[in-house]
Structure formats: C-alpha cells, structure tokens
Amino acid sequence: MAAAAACFSSWQGRLSQVQDGGASLRQMLLEPLQADAIFSLGYRDEDRCDTAERCGVSARLHGLNISHVRMWRMPTARELAERLEALPHWPSILSAFQTRRVDCRRIGSSSSSSSPYNCSGLFHSNTIFSPVLGSTFNLHELFGLRQCLDAIATAEATLRGGRKYERVVHTRIEYHWLVAHPPLRLLDPQYVWLPSGEDYGGGFNDRHAVLSRAAAEIYLGKRWDAIISGEIMRIDPQLRGGRVLNALAIQGDYLVRSILGDANVEVRRFASVQALRCCVGPCFTTACYKRVLPTIQDLLYLQSLARQHEMMATSNWTAVPAPLLQAATRLTRAAFDAKGDDSATL
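To start, this report covers the structure provided alongside it. Just so it is clear, the model here is predicted, and its values are computed rather than measured.

Points about the packing of helix 5 (residues 138-159) against helix 6 (residues 213-229)
Two elements in contact, helix 5 and helix 6, have axes whose closest approach is 8 Å; the angle formed by their N-to-C orientations is 140 degrees. When the interaxial angle is binned, helix 5 and helix 6 end up oblique. Regarding helix 5 and helix 6, the two cross each other, and that crossing is left-handed. Mapping the contact onto sequence places Leu139, Leu142, Phe143, Leu145, Arg146, Cys148, Leu149, Ile152, Ala153 and Glu156 in helix 5 and Arg213, Ala216, Glu217, Leu220, Gly221, Arg223, Trp224, Asp225 and Ile227 in helix 6. Split by residue class, the contact of helix 5 with helix 6 holds twelve nonpolar, one polar and six charged.

Put into structure tokens, the structure is as follows:
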C-alpha cells in the first residue's frame, strides 16, 4: 500500500497535454515517490462531459494506474461573482481594490457567464479573486485544490480502509520531468518542500509541493476556505490593511506564502527538475526562456555526491547533505541566470 498520494488538479481539457498517456509521469514522478495517482478534474459546460468515463480520462491517461478521480463542474465567472457577493466580507474586499493604483468596479455585463466587474491596474489581469476581479482562473484553481484534498480523503476512506497517507504531493499535469523526482526520504516531512525558482510577486512557487498529510490540509484546502470564511481578510496583509497597492502581491504565489506563514509552516527547497509544457486552452501567459545545460563533469560530480549520501543513508529519512544541496542549487541558479555562455558550471 502506497504511503503517499500525488494529486493532479486541472481542467480536464489539459489531459491532451500529457505526454505518452502519462507513462513518463509514472516513471519520473509516481514510481520514485511510490505514490498513488489521484486526479481532481474540472469540466466546463461546453466540454459536454461530466464524468471520468465521458471525458475519457482512463483512455487519455493509459500510461498511468489511476487510484481515484474526482470530477467537478467549473462555475462561470458570473456564478463565482454571485457566490462572492453573498459573502459578508465581500464589500471590504471590493473596497480594498479601489485605490490609486488598482481599481475594480461593478459595471454589470450583458453576458450570462462573464464577470460583472471591470478592473484596472492589475498585473496581467491576475488576482486571487479572478475571474471575478481579473480574467485568469485563480478561483477555479483554488477550488480544484480543495477538491484535491477531498479526493484524497475519499481515497483514504474507500481504498485504504480509513488509513491516511503519510505524504501528499500536489503537482501540475503539464509538467515535463527532466529527471526523476527526489525520493521522499530525502525531504524532511516537518517542512513543505517546493521546487526552486518561479517565486513571483514576493510569493512562493505554487505549481508543485511535497507535503505532510497535516500540511496538505493547509496547502490544498486553506486558500479556498480562507476566501469563503473571511479569514483572508486577516491572512493577506494588503486586505488586512484595506488597500491593495501592490498588484503583484495579490496573486496566487503570494497567497501560498501568506497561508503557510499564517500556519507557521516552514518551507525548504529542492532543485527544479521539471518544466511546464506549452499551454492548450486558456493560458495565463506565454514566454520563452533559454537555459544552459550542465556539463557532464557537473552531473558526474552531483552523481558522486548523491552516491556517497546513499552509502551513508539509513532506513529513516535524512536531510540532503549540505554539499549536495549547495552544488545542485548553485548549478540550477547558474542555468537560470546564464545568457548562453559557459557560466552554468560548478
């Protein structure tokens, strides 16, 4: 019986981006983690499918052994707006978005599905309340994470006789893994482990996380729950102050940092070994980056450090030794900072 669950949360249409039916995900992610595959998949009315069978989930993910799938309808922007407007703290949220730098107003809409709000001053039209305030899909993502947590609980109750998973990994279905995910025994469960890089707006990378079961309740469930309950007014520093002046810091990455900080959960990093594949369907933004691959000498050095650590490791988890972590981090940073020269070396 697997000790870990890997939950993928996405719009079901993005399953078309999964390479080789998920075989590489199985080899690079699930097998190294020894994790069950659990899916939280949203569907839109126009998708014309509302179950895993009708959406062809198993056929499109034929390279995976799927433990559990939870399907959920993606509400329209208008429906999300109606839900938020029914919250007692919504007037305070909207007031915080009416400053000299950011301005969101209710103007109504002729469409039965679009948001009745118009905003200016946002960064890429993205906020933690989009597509109500903004045009991205952050609320859908947060609701999908909450569904991930519920799917994990269902799997524990129905497939594991009530036995909880020890570790939970949340990740993106669109990730392409360059090498295998670090084994869980190297990632101390008292921390939340995030991949290096892609911390936007002063926040934390929100695309992948390695969690204890207790931390999964916070990471997967607390963001949506805080918005609905009103705790977000205390947790987010700008909403707490009643004024949104930094558009970058009212996005999803910063919310991860605020939620984990509020719960006193410490974060540690491992070197990124994955990248998002190109978008299909709605995308936040697109960009092209050049990276310098490490030399064979660099890789052999990292391999030798890893093998030394394997010889020292016990059956219990152990922290990544400082020389290995420092070398991997330095190499990763050099690759991300390189401009095409030979600077990405140890």
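What to know about the pattern of salt bridges
Throughout the structure, instances matching the rule amount to 23 salt bridges. Glu174 is paired through a salt bridge with Arg14; the nearest N and O atoms lie 3.5 Å apart. Of this pair, Glu174 sits in the loop between strand 6 (167-171) and strand 7 (175-177) while Arg14 sits in the loop between strand 1 (4-11) and helix 1 (23-33), and the two are 160 residues apart along the sequence. Judged by relative accessible area, Glu174 falls into the buried class, the value being 3%. Ionic pairing is found between Lys164 and Glu156, a salt bridge with its closest N-O pair at 3.8 Å. Looking at Lys164, the relative accessible area reads 49%, which means it is partly exposed. Looking at Glu156, the relative accessible area reads 3%, which means it is buried. Several salt bridges converge on common partners, so that one network encompasses Glu156, Lys164, Arg213 and Glu217.

Details of the state of the cysteines
In total, this model carries three disulfides according to the counting rule given. Shown here is the disulfide that connects Cys49 with Cys55, its sulfur atoms set 2.1 Å apart. What sets the handedness of the Cys49 and Cys55 disulfide is the S-S torsion sign, and at about 95 degrees it is right-handed. Residue Cys49 shares its accessibility class with Cys55, and that shared class is buried. Here the disulfide map of the chain reads 1-6, 2-3, 4-5, the bonded cysteines being numbered as they appear in the sequence.

Criteria and cut-off values
- Residues numbered from 1 in each chain as written.
- Predicted model: local features only at pLDDT ≥ 70, side-chain atom pairs only at ≥ 80, totals over all residues.
- Heavy atoms only, no water.
- Axes fitted to C-alpha atoms, helices over the stretch in contact; angles between N-to-C directions.
- Helix = DSSP H or I, 4+ residues; strand = E, 2+ residues; numbered from the N terminus.
- Parallel < 35°, antiparallel > 145°, perpendicular 65-115°, else oblique.
- Left-handed = near helix turned anticlockwise from the far one by under 90°.
- Contact = heavy atoms within 4.5 Å.
- Nonpolar A, V, L, I, M, F, W, Y, C, P; charged D, E, K, R; others polar.
- Salt bridge = Lys/Arg side-chain N within 4 Å of Asp/Glu carboxyl O.
- Buried < 20%, exposed > 50% of the residue type's maximum accessible area, 1.4 Å probe, protein only.
- Disulfide = S-S within 2.5 Å.

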